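Observations on chain architecture
The residues making up each chain are set out below.
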Amino acid sequence: MIGSVELRLGCRGLLHLARFDGQFLRFFDRSASGALRSFWLALLVLPFYLVQFWLEIDATVPNAGQYLAGRLVGYAYNWIAFPLILLFAAKLLEREAEMPGCIAIYNWLSLLWITLQAPLLLLFAINRDSSATIALSYLFLLYSVLVEGFVFVRALRIATWQAAVLVVIDVALNIYVIGPFARILGGATLP
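Please read all numbers here as calculations on a predicted model, not as lab measurements.

Turning next to the nonpolar core. Counting residues in hydrophobic clusters, the biggest one holds 50 residues, and the most contacted among them are L17, L86 and F152. Mapped onto this core, the elements with two or more residues apiece are α1 (4-18), α3 (41-56), α4 (64-93), α5 (99-126), α6 (131-156) and α7 (160-185). Setting aside chain neighbours within four positions, we find L17 in contact with F24, I105, L109, V147, F150 and V151.

As structure tokens, then:
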């Protein structure tokens with residue numbers, strides 16, 4: 001479980017990270033136990049995602065309960081799949097020593113994402129098809145891939161192009177594999 005001191009330090013690290021300040025690394029426990037504890041953040045941010053999943057329900061969803069269950073399965077896969085890919089990538093990149101810290105910080109990013117997504121979620125609740133909501137979605141995606149790439153460059157000590165490949169894999173995994181899988185499992189009709 002994550003203690004209050006670690007939570008405060010992690011939030012301070014996220015503030016540095018949000019500004020692309022390389023000092024963010026010193027605020028996170030980058031040990032193997034720190035990486036394992038960071039998975040507890042999945043429970044901390046779950047209520048936000050439950051609201052998001054609920055707001056996604058529309059005419060393409062015949063059963064709200066099934067949809068939420070399918071999205072929760074996808075949520076669990078999101079927390080497992082990419083860290084496993086990072087473990088594999090660490091071996092290929094000869095960065096096994098840096099990997100626990102990278103996974104820990106990657107998991108901590110979920111707190112930064114929900115903070116930044118809150119206004120977007122509010123706009124989505126008001127009017128999901130508004131141009132402001134769509135524009136903010138693209139801005140958020142751009143910012144999030146830049147931050148994630150910055151984390152990989154600094155935490156793994158790899159080249160920018162290698163970090164970019166990892167970011168593309170993460171985004172593609174979410175958009176083209178886990179997201180559609182969870183929606184299909186939830187009974188939604190995909191466009």
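Our focus in this paragraph is the packing of aromatic side chains. Using the criterion set out here, one finds 15 aromatic pairs in the structure. Taken together, a centroid distance of 5.9 Å and an interplanar angle of 80 degrees make the contact between F20 and Y143 edge-to-face. Of the two residues, F20 is situated in the loop between α1 and α2 (32-38) and Y143 in helix α6; the sequence distance between them amounts to 123 residues. For the pair F48 and Y49, a centre-to-centre distance of 5.3 Å together with 85 degrees between the ring planes defines the contact as edge-to-face.

This part covers α5. Here α5 is 28 residues long and its end C-alpha atoms lie 40 Å apart, about the 40 Å a rise of 1.5 Å per residue gives. By the largest-angle criterion, Q117 marks the main kink of α5, which is about 40 degrees, and a proline, P119, follows within four residues.

Cut-offs and rules
- Residues numbered from 1 in each chain as written.
- Predicted model: local features only at pLDDT ≥ 70, side-chain atom pairs only at ≥ 80, totals over all residues.
- Heavy atoms only, no water.
- Core = buried A, V, L, I, M, F, W, Y, C linked by side-chain atoms within 4.5 Å.
- Buried < 20%, exposed > 50% of the residue type's maximum accessible area, 1.4 Å probe, protein only.
- Helix = DSSP H or I, 4+ residues; strand = E, 2+ residues; numbered from the N terminus.
- Contact = heavy atoms within 4.5 Å.
- Phe/Tyr/Trp six-rings, centres within 6.5 Å; stacked < 30°, edge-to-face > 60°.
- Expected span 1.5 Å × (residues − 1).
- Bend = angle between axes of the 7 residues up to and from the residue.

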